[in-house]
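Secondary and tertiary structure notes
This is what each chain is made of:
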Amino acid sequence: MSTILVTGGTGTLGRHVTERLRADGHEVRVLSRHARPYAVDLREGGSGLDEAVAGVDTIVHCASSPRGGDEKAARNLIPAARRAGVGHFVYISIVGVDRVPFGYYRSKLAVERLVEESGLGWTVLRATQFHDLVLSVLQSMARLPVLLLPARVKDQPVDVTEVADRLAELAQGAPAGRVDDMGGPEVRTFDSLARAYLRATGRRRAVVKVPLRGAAYDAFREGGHLAPERAVGKGTFDEYLAERFKTGVPRR
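Focus on the overall build of the protein chain
Helices and strands together make up the secondary structure of the protein chain, namely 9 helices and 10 strands. Relative to a compact globule of 252 residues, whose C-alpha radius of gyration would be 18 Å, the protein chain shows 19 Å and is just as compact. By principal-axis analysis of the C-alpha atoms, the protein chain measures approximately 55 × 40 × 35 Å. Expressed as a percentage of its 252 residues, the buried residues of the protein chain come to 52%. Intrachain contacts of the protein chain at a sequence separation of at least 6 include 78% that bridge at least 24 residues.

Re helix α7 (residues 190–201)
Over its 12 residues, α7 runs 17 Å from end to end, which matches the ideal 16 Å to within 8%, given 1.5 Å per residue. With 9 of 12 residues buried, α7 is to be regarded as a mostly interior element. One or two steps after α7, the chain reaches G202, where phi turns positive at roughly 70 degrees.

Structural notes on a nonpolar patch on the surface
Side chains of L144, L148 and V208 sit close together on the surface and give an oily, nonpolar patch of about 240 Å² of accessible area. Mapped onto the elements, L144 comes out in the loop between α5 (131–141) and β6 (146–150).

Focus: the sheet that holds strand β3 (residues 58–61)
Here we have 6 strands laid out as an open sheet, ordered β2-β1-β3-β4-β5-β8, and parallel in their pairing. Where the open sheet ends on each side, the last strands, each with one partner, are β2 (27–31) and β8 (177–178). Both strand β5 (residues 122–127) and β8 contribute to a ladder of 2 bridges, which runs parallel. The residue of β8 that forms the bridge with V124 is R178.

Regarding the packing of aromatic side chains
Under the defined criterion, the tally for this structure stands at 4 aromatic pairs. A centroid spacing of 5.7 Å and a plane angle of 80 degrees characterise the contact between Y105 and F220, whose relative ring orientation is edge-to-face. With Y105 in helix α4 (residues 103–116) and F220 in helix α8 (residues 215–221), this residue pair connects regions lying 115 residues apart in the sequence. Assigned by exposure class, Y105 and F220 land together as buried. Clustering of aromatic rings is evident, with ring pairs tying together F102, Y105 and F220.

Here is what the cut-offs are and how they apply
- Along each chain, numbering runs from 1 in the same order as the chain's sequence is written.
- In keeping with the predicted nature of the model, local features appear solely for residues at pLDDT of at least 70, side-chain atom pairs appear and are counted solely at 80 or more, and the whole-chain, interface and lining totals rest on all residues.
- The side-chain numbers reported here are obtained from all heavy atoms of the structure, hydrogens and water having been left aside.
- Strands here are runs of E lasting at least two residues and helices are runs of H or I lasting at least four, both read from the DSSP assignment and numbered beginning at the N terminus.
- For this measure, only C-alpha atoms enter the radius of gyration; the expected value for a globule follows 2.2 Å times N^0.38, where N is the number of residues.
- For every residue, the accessible area (1.4 Å probe, protein chains only) is compared with the maximum for its type, and the residue is labelled buried under 20%, exposed over 50%, or partly exposed between those bounds.
- In what follows, a contact means two residues having at least one pair of non-hydrogen atoms within 4.5 Å.
- A helix's residues, less one, multiplied by 1.5 Å, set its expected span.
- Like-charged residues are merged into a patch within 9 Å and nonpolar side chains (Val, Leu, Ile, Met, Phe, Trp, Tyr) within 5 Å, provided each residue has over 30% relative accessible area and no salt bridge.
- Here the accessible surface of atoms and residues is derived via Shrake-Rupley with a 1.4 Å probe, and residues count as covered only by protein chains that are part of the display.
- The term salt bridge refers to a pairing of a side-chain nitrogen on Lys or Arg with a carboxyl oxygen on Asp or Glu at a separation within 4 Å.
- What makes two strands pair is DSSP finding at least two bridges between them.
- To pair, rings of Phe, Tyr and Trp, with the six-membered ring standing in for Trp, must have centres within 6.5 Å; the planes then decide the type, stacked if under 30 degrees apart, edge-to-face if over 60, and tilted in the middle.

That's the geometry; what it means functionally is another story.
What follows is the structure, encoded as structure tokens:
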């Protein structure tokens, strides 16, 4: 069994990856800003980072923030991995980072390129948005009496546990480069996802679809973030809502 470091190992995805790797018998180190003994801010680096990667066979890099800092974090983590002789660097990215000119996506694409040019053995998996993220967006929107949605936008949410299973599988294999994308089982309009959320939670909101402008919106509207040909996920958004709110599977 190998020693594997999971960055962002207390987060939405990382904690599931950690659980699966430990269940398979690996020694797993969890790195995050607050997880002892490897409490490290990757944007700052430092000696604590070198201690965290020392003796590690594989790194699964799940730490990420839409608020910025991903590239800086990678520029600290990758050299530390090289110094430690890490044999495999696994990175989770997002479907469409090369097609949608959205700030966070650009940052994820830049990290992909840093990984590819790192000199390490590497694997990159791109996935569509997690059910959890879609839910958090809808919960935020539902704070208003009217649910304002971007018009003509679709999504393909995937269950985070299924992505964790795939990442754990990749981490236990040889470096594979850019692997096939992983998408959720259904491409749905954002309107249908919102209505499913309202039914599951018993909320009543008027739903208004608002046309937006800009290159990023155009790319989302054209489906640049979707992978219908890679709809390999099993769990649907309706099933996720039913489990989360303990209801029956809502009708569309």
